[in-house]
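Observations on the model geometry
The primary structure of each chain is shown beneath.
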Amino acid sequence: MNQIDKRPESFALGRFHFLVSEGDLSRVQEFITGKSSKTGAPHPSVSCNAQDQDGFSAVHWAAIKGQLEIMKYLLEGAPEISRGNPSLPDNNGWTPIMWAIHVVETSGKDYGKRRKACEVINYLVTFPAVKSHMRVPDKLLLRNPQELALEAARQTDQGILAAMKNQFDGHKFYAPLKEADDASEGGGHQDDDAM
């Protein structure tokens, strides 16, 4: 069983990760800048890359919870010295994109959750650091993020394939991949290597 870290900075980190997962941008900004947005008074400061006992950073939590606006702030809007790492692995070697793929894979018919996760994937694949990790196999599953995404797409819909190609549109309906395969003339799978 993990020991709970009772140091004050661990409480700040836990609160920061909670605010990220809830999508509270103004409060997240306070933790990054170290200043209260209302008074300008000093506020506990936390790095975007600070990891909890499981190795989760703020970027992991934004990916898991589908908080795209928070993720954009963490990776591009935060002061440069504080910006998050889009390919930082957790204690098990999972990067934020792998967690977003996992959310799509396990969210069943929760289309809102799947849509948010696909939007996060769509955004993350724009980073060269993420692209360079797309073919690195996970040490637990022995598959890389690209293979995980393809498997999830075959079980869910074309949306995840579009996201992996940075072509996901949240306003478009994506059919299940099996139906799309049946509708295509060749009856085969979409071009797996195009990712």
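For the structure, see preceding data.
The text that follows walks through the structure, step by step, so that each part is easy to find. Since the model is a prediction, treat every value here as computed from it, not as a measurement. Every chain is numbered independently, its residues counted from 1 as its sequence is written. It should be noted that, the model being predicted, local features are given only for residues of pLDDT at least 70 and side-chain atom pairs only at 80 or more, the latter also being counted only at that level, while totals for whole chains, interfaces and linings use all residues. Remark: hydrogens and water are excluded; side-chain values derive from all non-hydrogen atoms of the structure.

1. Thoughts on the environment of His102
Counting from the N terminus, the helices are the DSSP runs of H or I reaching at least four residues and the strands are the DSSP runs of E reaching at least two. Its location among the elements puts His102 in helix α5 (residues 96-106). For the exposure calls, accessible area comes from a 1.4 Å probe over protein chains only, and a residue counts as buried if that area is under 20% of its type's maximum, exposed if over 50%, partly exposed in between. With relative accessibility at 27%, the residue His102 sits in the partly exposed group.

2. Some remarks on the packing of helix α3 (residues 58-65) against helix α4 (residues 68-77)
Direction vectors running N to C along α3 and α4 enclose 155 degrees, while the axes themselves pass 9 Å from each other. The angle between α3 and α4 places the two elements in the roughly antiparallel class. Considering the relative orientation of α3 and α4, their crossing is left-handed. Residues Ala58, Val59, Ala62 and Ala63 of α3 touch α4, and the partners they reach there are Ile70, Met71, Leu74 and Leu75. Interaxial angles span 0 to 180 degrees and are taken between N-to-C directions of axes, which are lines fitted to C-alpha atoms, for helices over the stretch in contact. If an angle is under 35 degrees, it is roughly parallel; if it is over 145, roughly antiparallel; if it lies from 65 to 115, roughly perpendicular; otherwise it is oblique. Left-handed describes a crossing whose near helix is turned anticlockwise from the far helix through less than a right angle; right-handed describes the clockwise counterpart. By definition in these notes, contact holds between two residues if any of their heavy atoms fall within 4.5 Å.

3. As for the environment of Lys131
For Lys131, the location among the structural elements is in helix α7 (residues 128-132). Given a relative accessible area of 54%, Lys131 falls into the exposed group. Note: C-alpha distance between Lys131 and Ser87 (44 residues apart in sequence) is 9.1 Å.

4. Some words on the packing of aromatic side chains
In this description, a pair of aromatic rings is defined by centroid distance and the angle of the planes. Aromatic rings from Phe, Tyr and Trp, with only the six-membered ring used for Trp, were paired whenever their centres fell within 6.5 Å, and each pair was classed as stacked if the ring planes differed by under 30 degrees, edge-to-face if by over 60, and tilted otherwise. Tallied over the entire structure, the rule returns 5 aromatic pairs. Here Phe56 and Trp99 contribute two aromatic rings whose centre-to-centre distance is 5.3 Å and whose plane-to-plane angle is 65 degrees, an arrangement assigned as edge-to-face. In this pair, Phe56 sits in the loop between α2 (25-33) and α3 while Trp99 sits in helix α5, placing the two residues 43 residues apart along the sequence. Judged by relative accessible area, Phe56 falls into the buried class, the value being 11%. Owing to a relative accessible area of 19%, Trp99 belongs among the buried residues under this scheme. Grouping aromatic residues by their ring pairs yields a cluster made of Phe56, Trp61, Trp94 and Trp99.

5. Brief notes about helix α6 (residues 111-124)
Expected helix span is computed as 1.5 Å times (number of residues minus one). The first and last C-alpha atoms of α6 sit 20 Å apart over 14 residues, in line with the 20 Å expected at 1.5 Å per residue. The complete set of buried residues in α6 reads Arg114, Ala117, Cys118, Val120, Ile121, Asn122, Tyr123 and Leu124.

6. Focus on the nonpolar core
In terms of nonpolar packing, the biggest core is built from 43 residues, with Phe16, Val28, Met71 and Leu74 touching the most fellow members. When residues of this core are traced back to their parent elements, those giving at least two are α1 (8-22), α2, α3, α4, α5, α6 and α9 (159-164). A per-element tally of this core places α5 first, with 7 residues. Beyond its immediate chain neighbours, meaning those up to four positions away, Leu74 contacts Phe16, Val20, Val28, Ile32, Cys48, Ala58, Val59, Ala62, Arg83 and Gly84. Definition used in this section: a nonpolar core is a set of buried Ala, Val, Leu, Ile, Met, Phe, Trp, Tyr and Cys residues joined via side-chain atoms within 4.5 Å.

7. Focus on α2
Along an α-helix, a turn takes 3.6 residues, which lines up residues three or four apart on a common side. Here α2 has its buried residues at Val28, Glu30, Phe31 and Ile32. Two residues or fewer after α2 comes Gly34, characterised by a positive phi angle close to 80 degrees.

8. As for the side chain of Ser82
Structurally, Ser82 is set in the loop between α4 and α5. On the basis of relative accessibility, which here comes to 15%, the residue Ser82 falls in the buried class. Those residues in contact with Ser82 that lie beyond four places of it in its chain are Ile32 and Cys48.

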